[in-house]
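# Structural features, examined
Residues per chain, in single letters:
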Amino acid sequence: MTKKFKNLGVDLADKVANFVGSWKFIIWQTVILIVWMAVNIKHVVNFDPYPFILMNLLLSSQAAYATPMILMSSNRQAEKDRRHLS
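Report on the accompanying structure. Everything numeric in this text was worked out from a predicted model, so none of it was measured. (Residues numbered from 1 in each chain as written. Predicted model: local features only at pLDDT ≥ 70, side-chain atom pairs only at ≥ 80, totals over all residues. Heavy atoms only, no water.)

## Looking at the overall build of the protein chain
- Each helix and strand in the protein chain was counted, giving three helices and zero strands.
- Of the regular secondary structure in the protein chain, the N- to C-terminal order runs α-α-α.
- For 86 residues, the compact-globule estimate of 2.2 N^0.38 gives 12 Å, and the protein chain exceeds it by more than 25% at 18 Å.
- For the protein chain, the residues scored as buried account for 16% of the 86 residues in total.
- Summarising the internal contacts of the protein chain: among those between residues at least 6 apart in sequence, 42% fall at separations of at least 24.
- As displayed, the protein chain has an accessible area near 7100 Å², and 70% of this comes from carbon and sulfur atoms.
- One finds the centroid of the 10 positive side-chain charges in the protein chain at a distance of 4 Å from the centroid of its 5 negative side-chain charges. (Helix = DSSP H or I, 4+ residues; strand = E, 2+ residues; numbered from the N terminus. Rg over C-alpha atoms; globule rule 2.2 N^0.38 Å. Buried < 20%, exposed > 50% of the residue type's maximum accessible area, 1.4 Å probe, protein only. Contact = heavy atoms within 4.5 Å. Areas by Shrake-Rupley, 256 points an atom, 1.4 Å probe, with all protein chains shown as cover. Lys, Arg positive; Asp, Glu negative; His and termini not counted. Charge placed at Lys NZ, Arg CZ, Asp CG, Glu CD.)

## Overview of the packing of aromatic side chains
- For the structure shown, the criterion picks out three aromatic pairs.
- Judged by centre distance (5.3 Å) and plane angle (75°), the rings of F19 and F25 are edge-to-face.
- When the ring of W36 is compared with that of F47, the centres are 5.0 Å apart and the planes differ by 75°; the resulting orientation is edge-to-face. Taken together, the residues span a long stretch of sequence, with W36 in helix α2 (residues 23–41) and F47 in the loop between α2 and α3 (53–85) at a distance of 11 residues.
- Residue W36 is classed as buried on the basis of its relative accessible area, which comes to 15%.
- We classify F47 as partly exposed; its relative accessible area is 43%. (Phe/Tyr/Trp six-rings, centres within 6.5 Å; stacked < 30°, edge-to-face > 60°.)

## A closer look at α3
- Its 33 residues give α3 an end-to-end C-alpha distance of 47 Å, which sits within 8% of 48 Å, the value for a rise of 1.5 Å per residue.
- Those residues of α3 that sit buried are M55, A66, M69 and S73. (Expected span 1.5 Å × (residues − 1).)

## Details of the environment of L59
- As for its position among the elements, L59 is in helix α3.
- Through-space distance from the C-alpha of L59 to that of L33 is 9.9 Å; in sequence the pair is 26 residues apart.
- Non-local contacts of L59, meaning those with residues more than four positions away in its chain, are made with Q29 and L33.

## Some thoughts on α2
- With 19 residues, α2 extends 27 Å between its outermost C-alpha atoms, agreeing within 8% with the 27 Å of an ideal straight helix rising 1.5 Å per residue.
- Looking only at α2, the buried set comprises F25, Q29, W36 and N40. The buried residues of α2 all sit within an arc of 30° when viewed along its axis, so they share a single face. Exposed residues on α2 whose side chains face more than 90 degrees from its buried face are W23, K24 and I34.
- Positive backbone phi, approximately 60°, marks H43, located one or two places after α2. (Arc of directions from axis to C-beta.)

So this is what it looks like as structure tokens:
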């Protein structure tokens with residue numbers, strides 16, 4: 001793996017971890033989920049009726065990608081901390 005691609009992965013993991021760990025992300029995700037449920041419960045557009053299987057699939061996919069990126073960023077930060085303490 002070249003250094004350029006490794007840095008790209010590290011940078012992406014840091015950006016994802018910073019965004020997912022922000023209040024902005026939590027608020028936007030909450031708003032989107034409330035709108036998603038309201039639209040489907042009120043039958044405005046009934047693309048994902050209760051119990052919201054599509055929404056669960058999307059949230060599971062999001063978690064499957066976000067979690068490893070957050071862990072990579074955390075590991076990199078721990079590595080930086082170890083080097084700083086040495």
